[in-house]
Amino acid sequence: GVKQLVDGSLGSTTAWFYKPYADAPETSGFPLMPMDELKNTIAEAHALGLQLVIHGIGDRTNDEILRIFEDLAVQGSRPPSQHAQHLSPAAIKRFAELGVIPSMHPYHAIDDGRWAEKRIGSARIKTTYAFKSLIDAGATLSFGSYWYVAPLNPIAGIYAAVTRRTLDGKNPNGWIPEEKITVEQAIRAYTLNNAFSGSQENELGSIEVDKLADLVILSDNIFEIDPQEIINTEVTL
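Quick look at the structure, then. Every chain is numbered on its own, with residues counted from 1 as its sequence reads. Only residues with pLDDT of at least 70 get local features here, since the model is predicted, and only at 80 or more are side-chain atom pairs given and counted; chain-wide, interface and lining totals rely on the full set of residues. Excluding hydrogens and water, the side-chain figures rest on all heavy atoms present in the structure.

1. A look at the packing of aromatic side chains
Here a ring pair, both rings aromatic, is described through the centre-centre distance and the interplanar angle of the planes. Selection rule: When two rings of Phe, Tyr or Trp (its six-membered ring) have centres within 6.5 Å they constitute a pair, described as stacked for plane angles under 30 degrees, edge-to-face for angles over 60, and tilted for the intermediate range. Geometrically, a charge over a ring is one whose NZ (Lys) or CZ (Arg) sits within 6 Å of the ring centre while staying within 35 degrees of the ring normal.
Going through the model one piece at a time under the given rule, you end up with six aromatic pairs. Following the ring pairs from residue to residue traces out a cluster consisting of Tyr 129, Phe 131, Phe 143, Trp 175 and Tyr 190. The aromatic ring of Phe 196 is capped on one face by Arg 78, whose charged end is 3.7 Å from the ring centroid. The ring centre of Phe 17 lies 5.1 Å from the NZ or CZ of Arg 124, which sits over that ring.

In structure tokens form, the structure reads like this:
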């Protein structure tokens, strides 16, 4: 595959937004390359049959990524936008319409949720880590850890997606709670949707006849326990 970074990160104020940062009004971030160069890179990778992974954090970055995929009409490649972290309201529908995969990292939500609003304000925060909105719009949400920036353990990611309880304990009912998703939706994002993203859904991602027996046994039934207890679940086999 080919990964291309288009912008930086929220923490370093280098993610590319339409409007300046609330706590750093002198900047709105910036792209790491001209958009024409990005378009050419994506087109070349697609022509070579390589999987595309495009790093996009800010709302402007993600809009540009979607625009380029629409222009190129790279059908069948299921291109992931890695992070899809801060989206414009219009972008949420377009992921589904264009078949672009929002490849997201739920643990970041309970980590960044401690300070992200200070950085981009209360309006833009509403479409940050918009897990439920993307699913409701018909997008194929894919989850990963982004290790080693965040813990490798997917149980921690499922806990984060389902509870959105920030690490500082200040959001016991969830940070932006309307974007919480169900345990089933989170597991699907970690399994079958990931397989789909890599065009491997016929071999991986669900426990079915003729697929690889790629499975774990957990210490608890995470469909039934209190979501807050998911974080304590262990893999026993």
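2. Quick notes on the sheet that holds strand S1 (residues 2-5)
Defined as follows: Pairing between strands requires that DSSP locate at least two bridges from one strand to the other. Under the DSSP-based scheme used, a helix requires at least four consecutive residues in state H or I and a strand at least two consecutive residues in state E, with every element numbered from the N terminus. Here, two residues are considered to be in contact whenever any of their heavy atoms come within 4.5 Å of each other. An axis is simply a line fitted to the C-alpha atoms; with a helix, the fit covers only the stretch in contact. Between two such axes, the angle follows the N-to-C directions and lies from 0 to 180 degrees.
If you trace the five strands from one edge of the open sheet to the other, you get S1-S2-S3-S4-S5, paired in parallel fashion. Both outer strands of the open sheet, S1 and strand S5 (142-143), are each paired with one neighbouring strand and no more. Strand direction decides the pairing type here: strand S2 (residues 52-56) and strand S3 (residues 80-83), joined by three bridges, are parallel. Bridge pairing in S3 places Ile 54 opposite Ser 81. Packed onto the sheet, helix H1 (residues 35-47) meets S1 and S2 and runs at close to 155° relative to S2.

3. A short note on helix H2 (residues 59-72)
This is how the line gets drawn: In this scheme, a helix's expected span is set at 1.5 Å multiplied by one less than its residue total. Exposed residues in this analysis have more than 50% of their type's maximum accessible area, buried residues have under 20%, and partly exposed residues fall in between, with area computed by a 1.4 Å probe over protein chains only.
The end-to-end C-alpha distance of H2, which contains 14 residues, comes to 20 Å, matching closely the 20 Å that a straight helix rising 1.5 Å per residue would cover. Turning to H2, its buried residues are Asp 59, Thr 61, Asn 62, Asp 63, Glu 64, Ile 65, Leu 66, Ile 68 and Phe 69. Contact partners of the buried residues in H2: H1, S2, S3, helix H3 (89-98) and helix H5 (116-124). Remark: Ala 73 follows H2 within two positions and exhibits a positive phi of approximately 50°.

4. Examining the side chain of Thr 61
Tracing the backbone through its elements, the reader meets Thr 61 in helix H2. On the basis of relative accessibility, which here comes to 0%, the residue Thr 61 falls in the buried class. Residues in contact with Thr 61, not counting those within four places in the same chain, are Val 6, Asp 7, Trp 16, His 55 and Gly 56.

5. Remarks on a nonpolar patch on the surface
The following threshold applies: Like-charged residues within 9 Å of one another, or nonpolar side chains (Val, Leu, Ile, Met, Phe, Trp, Tyr) within 5 Å, are grouped into patches, provided each residue has over 30% relative accessible area and no salt bridge. All accessible areas in this document rest on Shrake-Rupley with a 1.4 Å probe, and a residue is counted as covered only by the protein chains that are shown. We count a salt bridge whenever a side-chain nitrogen from Lys or Arg sits within 4 Å of a carboxyl oxygen from Asp or Glu.
On the surface, Ile 207, Leu 215, Ile 217 and Leu 237 cluster together into a nonpolar patch covering about 440 Å² of accessible area. Residue position: Leu 237 is located in the segment after helix H9 (192-197). Note on Leu 237: relative accessible area 66%, which makes it exposed.

6. Focus: helix H7 (residues 154-163)
Our working definition: Whenever a nitrogen or oxygen atom comes within 3.5 Å of another N or O atom, the pair is scored as a polar contact, on the condition that within protein one atom can donate a hydrogen and the other can accept it, and that pairs from neighbouring residues in sequence are kept only if both atoms are in side chains.
For H7, the tally of buried residues reaches nine of 10 residues, placing the bulk of the element in the interior. Considered for burial, the residues of H7 that qualify are Ile 155, Ala 156, Gly 157, Ile 158, Tyr 159, Ala 160, Ala 161, Val 162 and Thr 163. Buried-residue contacts for H7 involve helix H4 (107-112), helix H6 (131-136), S5 and helix H8 (183-190). Capping the start of H7 is the job of one residue whose side-chain oxygen sits 2.9 Å from the backbone nitrogen of Ile 155: Asn 153. Phi turns positive one or two residues past the end of H7, at Arg 164, with a value near 55°.

7. Structural notes on unusual backbone geometry
In the segment running from Trp 147 into Tyr 148, the intervening peptide bond is cis, with an omega of 15°. When you line up the elements, Tyr 148 lands in the loop between S5 and H7. The backbone of Asp 210 shows a phi angle near 80°, a positive value even though the residue is not glycine. Examined against the element boundaries, Asp 210 turns out to sit in the segment after H9.

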